Amino acid sequence: MARQYYIAGNWKMNKNKAEALDLAKGLVEALKDGKNKYMIGVPYVYLDAVAQVVKGSNILLGAQDVASTGNGAHTGEVSCAMLKDIGCGCVILGHSERRHEIGESDELINKKVRKALNSGLEVDLCIGELLSEREAGEAEQVCAFQLSAGLAGVTAEQMKNVTIAYEPVWAIGTGKTATPEDAQAIHKFIRGYIAKLYNQEVADNVIIQYGGSMNQGNCEQLLAQPDIDGGLIGGASLKAETFVPICSVGC
Ligand code: PGA
């Protein structure tokens, strides 16, 4: 089953406007002949400006969060309609920093997932276990729960617009990466679990990214695993010279 590699950068809460525009311009130029799927997850305040830069390119513009409701009296929130209005095509949801720093529940994440999909946005749904959960042998159980809760009410048809990012929390921003074998094992489990939730066709087609200290040095081995179809990259996505080599895998 040939799945296209999908490499996404999660800029998190980094960069000023000039730096954001510079990086986006550099990526548009460097990736223009790239054969993989690309996305950058940009802070809200720079999305509109970066949208003008990536317009017409092969880079999908992503937000790092979205409101679970439509437009209205929701102070501080940004809606799916607003994201779509400025050319944003995707949203990262369920990131561990939102789960564990902000306290987002699986129920809220699911509301956002459904709202985004129903609004025509693609979703990059992040799941992954804490170190304590891995050490307790609960990694699969945690991922299964986050998948079934996060995808509740999402149809097989809508799964065409869903990417799963497996991000073991202990590997995010720590320099510790899961070994390719460990990552493959859980990716295989995730695909099998999606087959149970939906069917084999959905499971075969869903892109499952790995995230957690992915870089130029370890991406080839990780992406060579049969069930690792891409990466969600934080730290190494903040500079073109560290992100582009990952984007070029397989090209
Ligand atoms: P990292 O972050 O690459 O800096 O570990 C990945 C992520 O949180 O998406």
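I will try to describe carefully the structure that is included in this document. (Residues numbered from 1 in each chain as written. Predicted model: local features only at pLDDT ≥ 70, side-chain atom pairs only at ≥ 80, totals over all residues. Heavy atoms only, no water.)

**Structural notes on the site of the ligand**
Taken together, 13 residues lie around the ligand, and Lys 12, His 95, Glu 167, Gly 173 and Ser 213 are the ones closest in. In the environment of the ligand, an oxygen atom lies 2.7 Å from a nitrogen or oxygen atom belonging to the side chain of Lys 12. Residue Glu 167 places a side-chain N or O atom 2.7 Å away from an oxygen atom belonging to the ligand. Coverage of the ligand by the protein amounts to 95% of the 280 Å² it exposes when considered alone. Of the residues contributing to the shell around the ligand, the split by class is 4 nonpolar, 7 polar and 2 charged. (Near = heavy atom within 4 Å. Polar contact = N/O pair within 3.5 Å; in protein donor to acceptor, adjacent residues only side chain to side chain. Areas by Shrake-Rupley, 256 points an atom, 1.4 Å probe, with all protein chains shown as cover. Nonpolar A, V, L, I, M, F, W, Y, C, P; charged D, E, K, R; others polar.)

**Topic: the pairing of strand E2 (residues 37-41)**
Among the 5 residues of E2, 4 are classified as buried, and the element is accordingly described as predominantly covered. The pairing of strand E1 (residues 6-10) with E2 spans 5 bridges and is classified as parallel. The residue of E2 that forms the bridge with Gly 9 is Ile 40. Handedness of the crossover is the feature at issue here: the chain leaves E1, passes through helix H1 (residues 17-30), returns alongside E2, and the resulting connection is right-handed. When E2 meets strand E3 (residues 59-63), the two strands line up parallel, connected through 4 bridges. Among the inter-strand pairings, Tyr 38 is bridged to a residue of E3, identified as Ile 59. In this fold, E2 hands off to helix H2 (residues 44-54), which returns the chain to E3; that crossover is right-handed. (Buried < 20%, exposed > 50% of the residue type's maximum accessible area, 1.4 Å probe, protein only. Helix = DSSP H or I, 4+ residues; strand = E, 2+ residues; numbered from the N terminus. Pairing = 2+ DSSP bridges. Right-handed = clockwise from strand over helix to strand, strands pointing away.)

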